[in-house]
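Summary of structural features
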Amino acid sequence: MADVEKGNEDGILLYYKYAKVPDVRDLVRFYDSNCTSLGLLGRVRIAPDGVNVTVGGKMSSLKKHIEEVKSIGLFEGTDFKLASCGAPSDDRVVKESGFTSLSVRVVKELVTLHSHPVSKSPDISNAGKHLSAVEFHSVLQSASKCEDKKIVLLDARNVYETRIGKFQNPHVETLDPEIRQYSDLPAWIDEHSDQLHGSQVLMYCTGGIRCEMASAYIRSKGSGFENVYQLFGGIQRYLEEFPDGGFFKGKNFVFDHRIAVGSHDPSIVGSCLICGSSFDDYSLRSRCTHCRMLVLVCNRCQESSDSVYVCELCKKHSKGGGGLTTENCTFDSERTHDTMPDLLTLSIKHELDIPLDNEPSPEHTGRADSEYSRKLRILCLHGFRQNASNFKGRTSSLAKKLKSIAELVFVDAPHVLPFVFQPREMEPNCSPGATPSQQANKKFAWLVSPDSSFSMGSEWKIAGGPFDPLQYQQQTEGFEKSYAYLKSVFSKKGPFDGVLGFSQGAAMAALLCACRGREGSVMDFRFAVLCSGFPVIIEELGQGLIDCPSLHIFGNNRGNDRQIARNVSEQLACMFDKSCSVVVEHESGHIIPTWSPCIDQIRSFLSRFL
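Computed from a predicted structure; not experimentally measured. (Residues numbered from 1 in each chain as written. Predicted model: local features only at pLDDT ≥ 70, side-chain atom pairs only at ≥ 80, totals over all residues. Heavy atoms only, no water.)

Counting secondary structure elements, the protein contains 17 helices and 24 strands. Residue pairs at least 24 apart in sequence account for 76% of intrachain contacts in the protein once pairs closer than 6 positions are excluded. Here the protein has roughly 26800 Å² of accessible surface; of this, 48% comes from carbon and sulfur atoms. (Helix = DSSP H or I, 4+ residues; strand = E, 2+ residues; numbered from the N terminus. Contact = heavy atoms within 4.5 Å. Areas by Shrake-Rupley, 256 points an atom, 1.4 Å probe, with all protein chains shown as cover.)

It is the contact of helix 1 (residues 24-38) with helix 2 (residues 59-70), at a shortest axis distance of 10 Å, that shows an interaxial angle of 155 degrees. Here helix 1 is positioned roughly antiparallel relative to helix 2, judged by the angle of their axes. For helix 1 against helix 2, the interelement crossing comes out right-handed. Here helix 1 contributes Phe-30, Tyr-31, Asn-34, Cys-35 and Leu-38 to the contact with helix 2, which in turn contributes Ser-61, Lys-64, His-65, Glu-68 and Val-69. (Axes fitted to C-alpha atoms, helices over the stretch in contact; angles between N-to-C directions. Parallel < 35°, antiparallel > 145°, perpendicular 65-115°, else oblique. Left-handed = near helix turned anticlockwise from the far one by under 90°.)

Our next topic: the environment of Phe-279. For Phe-279, the location among the structural elements is in the loop between strand 13 (260-262) and helix 10 (299-304). For Phe-279, a relative accessible area of 10% corresponds to the buried category. (Buried < 20%, exposed > 50% of the residue type's maximum accessible area, 1.4 Å probe, protein only.)

For the protein, the average pLDDT comes to 80, and 76% of its residues sit at 70 or higher. Confidence, expressed as mean pLDDT per element, reaches its minimum in the protein at strand 14 (residues 346-347) with 30 and its maximum at strand 11 (residues 228-231) with 97. Low pLDDT, under 50, characterises residues 454-458; the stretch is placed with 11 contacts to residues that sit more than four places away or in other chains. (pLDDT = per-residue confidence, 0-100.)

Bringing the packing of aromatic side chains into the picture now. The geometry of an aromatic ring pair is captured by two quantities: the separation of the ring centres and the angle between the planes. With the rule as written, the count across this model stands at 22 aromatic pairs. Judged by centre distance (5.1 Å) and plane angle (75 degrees), the ring pair of Phe-490 and Phe-496 falls under edge-to-face. One exposure class covers both Phe-490 and Phe-496, and it is buried. Each residue in the set Phe-136, Phe-167, Tyr-204, Tyr-238, Phe-242 and Phe-248 is aromatic and connected to the rest through ring pairs, giving one cluster. (Phe/Tyr/Trp six-rings, centres within 6.5 Å; stacked < 30°, edge-to-face > 60°.)

Time to look at the pattern of salt bridges. Overall, the coordinates contain 16 salt bridges when judged by the stated rule. Across the pair Asp-176 and Lys-166 runs a salt bridge, and its minimum N-O distance is 3.1 Å. Linking Asp-176 in the loop between strand 9 (173-175) and helix 6 (185-191) with Lys-166 in strand 8 (residues 165-167), this pair joins segments that are 10 residues apart in sequence. Lys-166 matches Asp-176 in its accessibility class, with the two residues each being buried. (Salt bridge = Lys/Arg side-chain N within 4 Å of Asp/Glu carboxyl O.)

Further remarks concern the side chain of Asp-79. Here Asp-79 shows up in the loop between helix 2 and strand 4 (81-85). In this structure the side chain of Asp-79 is engaged in a polar contact, spanning 2.6 Å, whose partner is the side chain of Arg-237. Non-local contacts of Asp-79, meaning those with residues more than four positions away in its chain, are made with Leu-14, Tyr-15, Phe-232, Gly-233 and Arg-237. (Polar contact = N/O pair within 3.5 Å; in protein donor to acceptor, adjacent residues only side chain to side chain.)

Right, let's talk about the sheet that holds strand 7 (residues 151-155) for a bit. Pairing within the open sheet is parallel, and its 5 strands lie in the order 6-11-10-7-9. Of all strands in the sheet, those bounded by a partner on one side alone are strand 6 (129-131) and strand 9. When strand polarity is set aside, the average angle formed by the axes of neighbouring strands in this sheet is 30 degrees. Across 3 bridges, strand 6 lies against strand 11 in parallel orientation. In the strand pairing of strand 11, Leu-131 is matched with Leu-231. Against the sheet, helix 8 (residues 209-219) contacts strand 6, strand 7, strand 10 (200-204) and strand 11, and its axis sits at roughly 175 degrees relative to strand 11. (Pairing = 2+ DSSP bridges.)

One finds Leu-379, Leu-381 and Leu-486 to be the most contacted residues of the largest nonpolar core, which totals 38 residues. Those elements that place two or more of their residues in this core are strand 15 (376-381), strand 16 (406-411), helix 14 (479-493), helix 15 (504-514), strand 22 (527-531) and helix 16 (566-574). When residues in this core are grouped by element, the largest group, 8 residues, is from helix 15. Leaving out residues up to four positions away in the same chain, Leu-381 has contacts with Phe-391, Val-411, Trp-446, Leu-486, Val-499, Leu-500, Gly-501, Phe-502, Gly-505, Met-508, Ala-509 and Leu-512. (Core = buried A, V, L, I, M, F, W, Y, C linked by side-chain atoms within 4.5 Å.)

Turning our attention to unusual backbone geometry. Among all residues except glycine, the phi angle is most often negative; among peptide bonds, the trans geometry is most common. Note the cis peptide between Gly-494 and Pro-495, where omega equals 5 degrees. As for its position among the elements, Pro-495 is in the loop between helix 14 and strand 21 (498-502). With a phi close to 50 degrees, Glu-178 is a non-glycine residue in the positive phi region. We note that Arg-385 has phi near 55 degrees; this positive angle belongs to a residue other than glycine. Among the secondary structure elements, Arg-385 is positioned in the loop between strand 15 and helix 12 (388-394).

Structure (structure tokens):
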């Protein structure tokens, strides 16, 4: 009884196919029905340009799935990578890997290579030539004899993957970009073009899909970049062909409960972040305190350290300290890898009634990704004379409609304002000009007028006149105090993926975007959402366009924004690089719209950073 019935052992199946999908919805129905009937769990991503699948289940069921997929003409020539494996021993890793449910999603493209979300991906038809595992091995084996050709190995994976295993050949230079995420690769390629130009480039990744887009990007650079080759089937196929490891040393990082797969060679490539001893076990799930990337920390150091770890990239860029510990960091699954693309733009309801261009509704599909799926963390900056509490209340509808993809974090600004009131001469039982008796919550500001002098929000003050819709033009002081305060917020409550600002908060957020490269800054966010914003000209802005990806939301000419005119918000948008900015105009006043099509455009922008 100890033997498992043949075909009843557990297995993992990975495959992808780049091809024009004639009917996305029809394919969604197929996967939803087929995987459910066979009891398969995992991730299916369908785009107009192809399919990317990682599912687990019984080997017999996975083989049936392969046969049924092969019957669809679209999948002719697909490389199905099927491996048997033991049952998961760590429930947390299973949850983090997304194998507790079936997730079928429609995405705009299988792999998003570019760092700016509005940039166009390279033509996949221009990808590098495929080399089988045997051919790839042969080229490396004969490298010492090819003195007339410059051969380089290029690892297209993230740094936490390359830590535990990579190809090594004393006669071939191995280039490790040391990137956190796949979308950082184009910038690295651009900066190291001289090392690739004129070379025979051999690319590799886990299963092949990342090399498709990356090799096309290199070849798109023109003359001198034509000789790009990629390992067909990735490291997985190579280790199957060369079980002793061949030229690959260490273990192959994978994105399921196996965590890593090695060869017969027991040698360890990785080392402990703390003590430097040989170590390559990611099952402990240690993470960088600052950026939450996986790090290697051995059992002994786990027990003796304070659980505050800083990865090599954060050390390199002086971003150590502050933020989350390994205990409260959620799993940040690899954003663009062979099994889970980084651009998850749409969830599909079982009724399949969501148009392709829409984003997921809060009530989408009973088979949502697990609770460990990472959401965007967005720091929200309130407007003038508001506070975190009332801004959170005013944006409750927005938070609800974004809850499947984003977590909003609210903080008070550092400048405390006096309580202001207009005397009500005719109010019963109230003498003219009497101070209101009720308690009031403190109000705050990011920027103040140069002549501001007041007690810090402890007393009421009679307004100097009627409401002035142009008061924001005088609020130009106090930036340094707010900047220092927000550095502390990022250090203690971060990291944050983006910043959302409303009115004066949007002006402050724009200044943060302009100062992202400031020496010693810890505010490393990837995008900004600026609602009803306006420009504040200070020395910190410097020259040139702001290159932070941004979404600008404001009322059009038919809107009724009495505080910030359309042309002022438009001026702020013009300060940002148009190649990575998006503008959404609406017909309402000084608000953040949460109805269609505005909310769909907001979701679409944010989903590009998942």
